[in-house]
Amino acid sequence: MLKSKTFLKKTRAGGVMKIVREHYLRDDIGCGAPGCVACGDAHEGPVLEPQPLDPASSLCPQPHYLLPDTNVLLHQIDVLEDPAIRNVIVLQTVLQEVRNRSAPVYKRIRDVTNNQEKHFYTFTNEHHRETYVEQEQGENANDRNDRAIRVAAKWYNEHLKKMSAENQLQVVFITNDRRNKEKAIEEGIPAFTCEEYVKSLTANPELIDRLACLSEEGSEIESGKVIFSEHLPLSKLQQGIKSGTYLQGTFRASRENYLEATVWVHGDTEENKEIILQGLKNLNRAIHEDIVAVELLPKNQWVAPSSVVLHDEGQNEDDVEKEEERERILKTAVNEKMLKPTGRVVGIIKRNWRPYCGMLSKSDIKESRRHLFTPADKRIPRIRIETRQASTLEGRRIIVAVDGWPRNSRYPNGHFVKNLGEVGDKETETEVLLLEHDVPHQPFSQAVLSFLPKMPWSITEKDMKNREDLRHLCVCSVDPPGCTDIDDALHCRELENGNLEVGVHIADVSHFIRPGNALDQESARRGTTVYLCEKRIDMVPELLSSNLCSLRCNVDRLAFSCIWEMNHNAEILKTRFTKSAINSKASLTYAEAQMRIDSATMNDDITTSLRGLNKLAKILKKRRIEKGALTLSSPEVRFHMDSETHDPIDLQTKELRETNSMVEEFMLLANISVAKKIHEEFSEHALLRKHPAPPPSNYEILVKAAKSKNLEIKTDTAKSLADSLDRADSPSFPYLNTLLRILATRCMMQAVYFCSGMDNDFHHYGLASPIYTHFTSPIRRYADIIVHRLLAVAIGADCTYPELTDKHKLADLCKNLNFRHKMAQYAQRASVAFHTQLFFKSKGIVSEEAYILFVRKNAIVVLIPKYGLEGTVFFEEKDKPKPRLIYDDEIPSLKIEDTVFHIFDKVKVKIVLDSSNLQHQKIRMSLVEPQAMGSQMSRILLRSLVPKAELFEISCLVLFHFYQFSNLHL
């Protein structure tokens, strides 16, 4: 049966277009119930159980299937995902609405329907002749959809009765819409709210905890006192943004101060790009990463960014007076030049809530069901939940979702989602850090694995089409020890004309991952491989990452080669690119390669090649630095693990060799050469990487710190910064230059991917290069796969496809890659932080030298070079007399009674892990030298090696398989 839908659409030119869509109705769509005579063999995919007995409901004792409406799917997905809930009919109408309103929930419901153990059945009611309904005159789309859902529920109940007279099967309609429920009951459909049904499942009381609290009525705190101003409706916010009354931006909470946040304003205007918010009322219930509307305050109310470190450690959720007292600490007299645009949140444009990992802070009130949940991420406020499992969940890592935030509640409301495991357990903590940083880590699906090559695999004649055979070349790879995903290999040989041929050979991953298939889509979603201390989360399946794509020695492998002809002064005479086949003659570690270069007795082909590469790399590096490339610094550490327990038994800062720099130089050169080529061929569609120059304000702390040591740091260009850092030496303080370079790294912006047709500024500040991209690591970065595809088309080795030359789709891809890259870095640092805690747990008390990196109004931030460990030492202890603190922002310094602390001062500290707070385990530290009042048991909070990660990228850790150079170069 064919029906047609006709509607009018306004075109961009202002005309009107009539659109007619055909809509086919069928009568061969199965109901999903096995054994249904009427449907026969029309079922596809997972079907419902014939006699569903679980879960047992006191409201509906006979066997039944559930049919939820759209809002139940959207808001109660945590309940539906529970193993206890099975045999659910998901209507096409509902699925389409969910898809339009929430992509994350849509993905979750698709995952559930694909799980055969759950027995979820998708019924295409919009194409079934007996369940399709047309929109009536005067009926809005929402009411039509509600009616379509009721029609389908009624049809199901009538249809199931036809199966047999003895059959007592029912379809129960689940809706939280009061009117919809009333109409369903009037039409003879069994209908309950989600809460009514869940509470009727007497055998599964834990499900009640997973119910989302949708109504703010009844969930408000007893005092009823209004704390926050009302959020304006979206229509008023949009009008205000259009008129310029309000500004739209992304809300970013502070890690160091829970009463402060910034809003990064969207749009091209540089004025008021970053707006400061201070105080609970001005934050007005916004949560980290929400899209908000802010109103600028008058200039006489502008404030400076606070230097106070404040963490929300109160237990009394109604104690707002104490909050106001703490807010007054923020407002101290400051230089007028330091004042920044300041505002307040007037409304939420889009909530970006996600499930949060953390721990339950059990209420002191006996038998209370209301408790506070403390998220692991300090940027997220505590969440108030109701649970009957408090005793069971105490001391466990759990997941909680936010439901809403009433105006008269200090904290948002939420509900329990999942128990992850015991705090401190390695598997649990790894799961937490992967979830918290949104790292996709589920096993690859069968759909993805089906696109892998069949084993055994070998290079065929077809593979060699448009490919050079370079298996005769003396190629070798140089990587960290234990590396199995070898992306790159190198060669250097002298030509007959006296010049040198240098080749960088990169794994040809794009040969195995073809555009648009499930393997490609999953690789694009993951974006990057994530390297943790004891685990690697691969971007591509292991068959590719550690075998077929890995350029291991003595096996034939497919590669993409960048080959230069150079003179002995490392000047490029010719550049060519080719797909190739190679056979690496050696897989070396950095130490092994260095040993060959330094050996007086080794003169084989591999060693000769390495010496040639090393000689050229030194010239390339010198030339690059002369152009203004930055050589920055960051503490990088290596863990030595116990072979049986896998606990860290030693922690050392890593040693860099010439061979690290050698590999780095040729990877950089290949990336720059490829960037030029793909931009020449695809001026609008090249995937490039840029590193923006930091705004002058970022350098203030560096300039002041250097000035305090009578040194001048110039920051007007990258070249002047590099030169002044080179000159910033102190014979009496050799480590000073390293500290300055660490501080300079903290001033940097983050390098990002972008599409050349969507941006005019291509410059890479850290490398002093006018153009740059990523070509050299396609096993672990999806950006490199796209660059390989562009380059292959440019040299005629492969064909293009529509998405490759769509700059808007490429820009969206870059956005995801930037997010995944950033989250991978944070996850890696969190892994280091956790293993550092394990290390100090086994070490007991340790005394070490440290240097002050920053001073705050009530704390100092120190770096312990031996361990690459950074933390905040507070000088105010709870329930203890407060010492007299004098903070000087200009010098910068902090005076505690009679002791003055300056940036870069050397101190000696005693370190021990404090596990009394399981949620945020702290390394407790006392100052051994110099002694200062209030510091006898000061705290150093483990910081995953970085503060304020939004502003910069630091060097990669040696335990991860990254090339050992600043992340600014990546």
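First, a word on what this report is: a plain description of the structure on this page.

Rules used in this analysis
Residues numbered from 1 in each chain as written. Predicted model: local features only at pLDDT ≥ 70, side-chain atom pairs only at ≥ 80, totals over all residues. Heavy atoms only, no water. Helix = DSSP H or I, 4+ residues; strand = E, 2+ residues; numbered from the N terminus. Buried < 20%, exposed > 50% of the residue type's maximum accessible area, 1.4 Å probe, protein only. Contact = heavy atoms within 4.5 Å. Areas by Shrake-Rupley, 256 points an atom, 1.4 Å probe, with all protein chains shown as cover. Salt bridge = Lys/Arg side-chain N within 4 Å of Asp/Glu carboxyl O. Phe/Tyr/Trp six-rings, centres within 6.5 Å; stacked < 30°, edge-to-face > 60°. Lys NZ or Arg CZ within 6 Å of the ring centre and 35° of its normal. Expected span 1.5 Å × (residues − 1). Polar contact = N/O pair within 3.5 Å; in protein donor to acceptor, adjacent residues only side chain to side chain. Pairing = 2+ DSSP bridges. Axes fitted to C-alpha atoms, helices over the stretch in contact; angles between N-to-C directions.

1. What to know about the overall build of the protein chain
And then number 1: When its secondary structure is counted, the protein chain shows 23 helices and 39 strands.
And then number 2: Here the protein chain holds 970 residues, and the buried ones make up 56% of them.
And then number 3: The long-range share in the protein chain, meaning contacts at least 24 apart out of those at least 6 apart in sequence, stands at 69%.
And then number 4: Just so you have it, the protein chain exposes about 43000 Å², and 49% of that area is on carbon and sulfur atoms.

2. Considerations on the pattern of salt bridges
And then number 1: With the rule as written, the count across this model stands at 56 salt bridges.
And then number 2: Across the salt bridge formed by Arg789 and Asp520, the nearest N and O atoms sit 2.9 Å from each other. Remark: Asp520 occurs in helix 14 (residues 518-526) and Arg789 occurs in helix 22 (residues 782-794); sequence separation between them is 269 residues.
And then number 3: Here Asp520 falls in the buried class, since its relative accessible area comes to 6%.
And then number 4: Three or more residues joined by partner-sharing salt bridges are found here, namely Arg354, Asp377, Arg379 and Glu436.

3. Observations concerning helix 19 (residues 700-708)
And then number 1: Considered for burial, the residues of helix 19 that qualify are Leu702, Lys704, Ala705 and Ala706.
And then number 2: Looking at the packing, one finds that the buried side of helix 19 touches helix 20 (718-727) and helix 21 (736-746).
And then number 3: Looking one or two residues beyond helix 19, the residue adopting positive phi is Asn710, at roughly 60 degrees.

4. Some thoughts on the packing of aromatic side chains
And then number 1: By the definition in use, this model includes eleven aromatic pairs.
And then number 2: Between Phe733 and Tyr851, the aromatic rings sit 5.6 Å apart at their centres with planes inclined by 25 degrees, giving stacked as the arrangement. You can see Phe733 sitting in the loop between helix 20 and helix 21 and its partner Tyr851 sitting in strand 31 (residues 846-855), a full 118 residues away along the chain. For the residue pair Phe733 and Tyr851, the accessibility class agrees, reading buried in each case.
And then number 3: Aromatic ring contacts, followed pair by pair, group Phe123, Trp155 and Tyr156 into a single cluster.
And then number 4: Here Arg526 stacks its cationic end above the ring of Phe444, 3.9 Å away from the centre of that ring.
And then number 5: When the ring centre of Phe754 is taken as origin, the NZ or CZ atom of Lys690, which lies over that ring, is 5.5 Å away.

5. Comments concerning helix 17 (residues 605-626)
Structural remark: α-helix, 3.6 residues per turn; residues separated by three or four positions point the same way.
And then number 1: Look at helix 17: 32 Å from first C-alpha to last across 22 residues, which is about the 32 Å you get at 1.5 Å a residue.
And then number 2: Of all the residues in helix 17, the buried ones are Ile606, Thr607, Ser609, Leu610, Gly612, Leu613, Asn614, Leu616, Ala617, Leu620 and Arg624.
And then number 3: Its side-chain oxygen at 3.1 Å from the backbone nitrogen of Ile606, Asp604 defines the N-terminal cap of helix 17.
And then number 4: Positive backbone phi, at 115 degrees, marks Gly628, one or two positions downstream of helix 17.

6. Points about the pairing of strand 29 (residues 687-690)
And then number 1: Alternating positions in strand 29 separate into two faces, Leu687 and Arg689 on one and Leu688 and Lys690 on the other, with burial throughout.
And then number 2: Relative to strand 30 (residues 752-755), strand 29 is paired through four bridges, and the arrangement is antiparallel. Among the inter-strand pairings, Arg689 is bridged to a residue of strand 30, identified as Tyr753.

7. Some remarks on the sheet that holds strand 9 (residues 260-265)
And then number 1: Spatially, 10-9-8-11-12 is the arrangement adopted by the five strands of the open sheet, whose pairing is antiparallel. The open sheet has two edge strands with one neighbour each: strand 10 (274-278) and strand 12 (343-350). With direction set aside, neighbouring strand axes in the sheet form an average angle of 40 degrees.
And then number 2: Across five bridges, strand 8 (residues 247-253) lies against strand 9 in antiparallel orientation. Its bridge partner lying in strand 9, Thr250 is registered against Trp264.
And then number 3: Running over the sheet, helix 8 (residues 234-243) touches strand 8, strand 11 (291-296) and strand 12 and is turned about 120 degrees from strand 12.

8. Let's talk about the sheet that holds strand 35 (residues 893-896)
And then number 1: Across the sheet, three strands lie side by side as 34-35-36; this open sheet has antiparallel pairing. The sheet is open, and its two borders are formed by strand 34 (885-888) and strand 36 (899-902), each paired with just one other strand. The mean inter-strand angle of the sheet, taken between neighbouring strand axes irrespective of direction, is 15 degrees.
And then number 2: Pairing between strand 35 and strand 36: four bridges, direction antiparallel. Across the sheet, residue Leu894 finds its bridge partner in strand 36, namely Phe901.

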